[in-house]
Amino acid sequence: MSCLFRTAVVAALLLVPPAVQAQQPTTPPDTQSDMQGMPGMDHGMHDSTMSMPIPMPPGMPMMPGLKGLAPNVAPFLPGASADVAHLPVARASELARLKDGDTLDLTATLVRRTIRGHTFTMYGFNGEIPGPLIDVPQNATITVRFHNSIDLPSSVHWHGVRLDNRDDGVPDVTQPAVAPGSSFVYQVHFPDAGIYWYHPHVREDIEQAMGLFGNVRVDSPERDYYSPVNLEQTLMLSDLLVHADTLIPFGKEDPDFALMGRLGNVLLVNGEPRYALSVHQGDVVRFFITNASSSRTWNLSFSGASMKVVASDVSRFEHEERVPGVILAPAERYVVEARFDKPGTYALVNAVQAINHYRGEFQPEVDTLGIVTVRSEPASPDYAAAFATLRHNTAVSRDIDRYRPYFDKPPDKRLTLTVKVSALPLATVQFMTIDTAYYAPVEWVDAMPDMNWLSSSKQVRWILRDDATGKENMGIDWHVPQGSVVKLRIFNDPKSFHPMQHPIHLHGQRMLVISRDGVPVRNLVWKDTALIPVGSTVDLLIDASNPGAWMLHCHIAEHLGSGMMTVLHVDPHGGARGAGAAR
Amino acid sequence: MSLFEAGRRIRRPATLLALVMFMTAGTAGPYDITLLSTPQAPGARGHARLIFAPSPFGVALTQDGHAVYDMQITASGLPQPSSLGAFTTYVAWAVSPDLTGWHRLGPVTNGTTTVGHADLNKFLLVITAEADTTGASSRGPTVLHGTSPSGWLQSFLTHPLFRGISQ
């Protein structure tokens, strides 16, 4: 009779007078000092306290019971002690074409970034946002000398790359955090062709959001690995949360926006609010797209252009498919090809159906991210025929064939995704208790940024729970022998206080999403990140071939910062441990 | 009547199903629809589950962001369609909440049937008796109906939580 219990709880909550809802001081004493009067504040942080108004979406008022409250964390923005006028202007990503044995110096620095006339202090790798586009041949090994010149500890995680464990870039698991002014040397081996990315694994909610991300393109030696195209483009998607000319500060000691993650209101492609591309009529363009945003799941399309999806995180699909758009959860990558067959312009849009919780309605939300201008000169060569063909990648299917015998075995591990909250503002608890009569499988926008902003990881603990032991997050002791094929079943509990989708990322291995809610996935692709919608049960098959201690976590930066992580130990051949699923 | 006696009286599967539906109404998952019967077929029972249509991205969306679902409908107690008139089959429809848009999903029988696709934000799932399975609009009586989970979205326009807002 949970509905009766729910009704009783709601009724009890509503009897509490509004006067007791304000649980936190409007201007907490400890949130006043750090940012005000600092030279770096010319980037718009004139009001550096957390008491600033949070930008609300159109038609969604801030709840009266939340007005005047502030997150229970101190505010932080990059470069508090830096003179923004003397910071280098952030440059666009530059190509770093490397070969086996080469060395790259990669420095995280403060940069000055102007967006829509407003100047902010942000971070960049080698002064670039995104960082350098590293282009390497498959099976190359490069040396990356990372130097940390920002004001936080940092590291570099090579997302999706099945490299040696010591180079995975995870503080307290594979290396110590790299202190400001210090360095770390990574040896990065790239065994798989495709599109990968790199970012810090320290306070991603700040460092990644402020510009520390870049792509790695790993080129197959096969000339026809992809279909022929006229042009290739690498797109990194991110967003910034801005109010007027001010960046909304981050939580200094812990992430804020812990409930939903920080969804920005300025959407960026390659760090720019307006992407532009010029092509010939009939050109086929291959887009390597990476979602580098903290929490946003995107639904991209080129208005009117036909498109097919070719590859994802760690491999090509078994077969190419026509798609109306590209859906990317945080950290996911997709390779798509689009043909622009008419002269004129095509808008690159992110189109979702947002929920107005105040009115109880859906409303379309469309952001134009850029324009593709198609000139009237015809494409040369004309790849229309190749584009019309949907390829079957038999090599991918043959590779996966070795794993099909394990598809129907019982799960080796079952994890439930849930959340625990404490000490949230009463109005938040009241609203969310009532409002979760319906919970969207995927939250596309932050429709309630006031409540989200006022939640920090001091109050919100996101959880991966081992169904067998009841252990949670880093308390889960999970070992499998190297060479195992591990079936992991993940259930995203819709009955939690705040159900939300989770893009679950596994480091250092590759995995297949073999079924969703009991329905087998028919077109397989090797992944490192899988979107788990609310209420869904997803079966993953992990090729546990790479020894070491590998993080498994939600890639919503604030969920990770609120505890939603564990470690999969792949014990090497001949190792002492081995409780997993042997082949 | 004691609880024990009540338990003895609800052994019939249809009654049990109805009780379970009543107890879980409003707390079902984001993919579940409880179907209610009408006087035309009072013995009919059913539920539906929304399943994302096959997609390389795990979730399926239209270009403008509407979720696209296949509908798995489980029904029991549907009488012969001909018992309701000149009808030969049952058809599932996704219907806009204002009843102006009817989108044929496919034929339904007793047991479990998967039909598709529904891509409305909020909709009613309606099962009607029909003369054939190809009609663009419903002509027969409704035997089962339910509301999409998104129908649970509530307006807070006049709720005490938003007291003080003038819009």
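A quick note: this is a predicted structure, and the numbers were derived from the prediction, not measured.

As for the nonpolar core
Point 1. Residues Trp158, Phe287 and Phe340 of chain A together with Met71 and Ile73 of chain B are the most contacted members of the largest nonpolar core, which totals 193 residues.
Point 2. Here the element with the most residues in this core is strand β3 (residues 103-115) of chain A; it accounts for six residues.
Point 3. Trp158 of chain A has contacts with Leu106, Ile134, Val144, Leu163, Asp167, Asp168, Tyr186, Val188, Trp197, Tyr198 and Val216 of chain A, leaving out every residue within four places of it along the chain.

Some points on helix α4 (residues 394-401) of chain A
All names here are of chain A.
Point 1. Every buried residue of α4 is accounted for by Val396, Ser397 and Ile400. All buried residues of α4 lie within an arc of 95° about the axis, which places them on one face of the element.
Point 2. In this structure, the buried side of α4 is in contact with β20 (316-322), β30 (510-516) and β32 (526-527).

Brief notes about the side chain of Lys409 of chain A
Point 1. In this fold, Lys409 of chain A is placed in the loop between α4 and β25 (413-421).
Point 2. Within the structure, Lys409 of chain A has its side chain in polar contact with the backbone oxygen of Val485 of chain A (distance 2.6 Å).

Details of the pairing of β20 of chain A
In the case of a regular strand, side chains alternate between the two sheet surfaces.
Residue and element names in this part refer to chain A.
Point 1. Counting buried residues in β20 gives five out of seven residues, a clear majority hidden from the surface.
Point 2. Alignment of strand β19 (residues 306-311) against β20, held across three bridges, turns out to be antiparallel. Bridging from a neighbouring strand, Ala311 pairs with Arg316 of β20.
Point 3. A loop of four residues connects β19 with β20, the two strands running antiparallel in sequence.

Section: unusual backbone geometry
Residues and elements named next belong to chain A.
Point 1. Here the residue pair Ser380 and Pro381 is connected by a cis peptide bond, since its omega of -5° sits within 30 degrees of zero.
Point 2. Its identity is not glycine, yet Asn126 carries a phi of approximately 55°, on the positive side.
Point 3. Mapped onto the secondary structure, Asn126 falls in the loop between β4 (118-125) and β5 (133-137).
Point 4. What makes Asn126 partly exposed here is its relative accessible area of 21%.
Point 5. Here Asp517, not a glycine, exhibits a phi torsion of approximately 50°, which is positive.
Point 6. Residue placement: Asp517 occurs in the loop between β30 and β31 (519-520).
Point 7. A residue is classified by how much of its surface remains accessible, and Asp517, at 27% relative accessible area, is partly exposed.

What counts and what doesn't
Residues numbered from 1 in each chain as written. Chains lettered and ligands numbered in written order. Predicted model: local features only at pLDDT ≥ 70, side-chain atom pairs only at ≥ 80, totals over all residues. Heavy atoms only, no water. Core = buried A, V, L, I, M, F, W, Y, C linked by side-chain atoms within 4.5 Å. Buried < 20%, exposed > 50% of the residue type's maximum accessible area, 1.4 Å probe, protein only. Helix = DSSP H or I, 4+ residues; strand = E, 2+ residues; numbered from the N terminus. Contact = heavy atoms within 4.5 Å. Arc of directions from axis to C-beta. Polar contact = N/O pair within 3.5 Å; in protein donor to acceptor, adjacent residues only side chain to side chain. Pairing = 2+ DSSP bridges.

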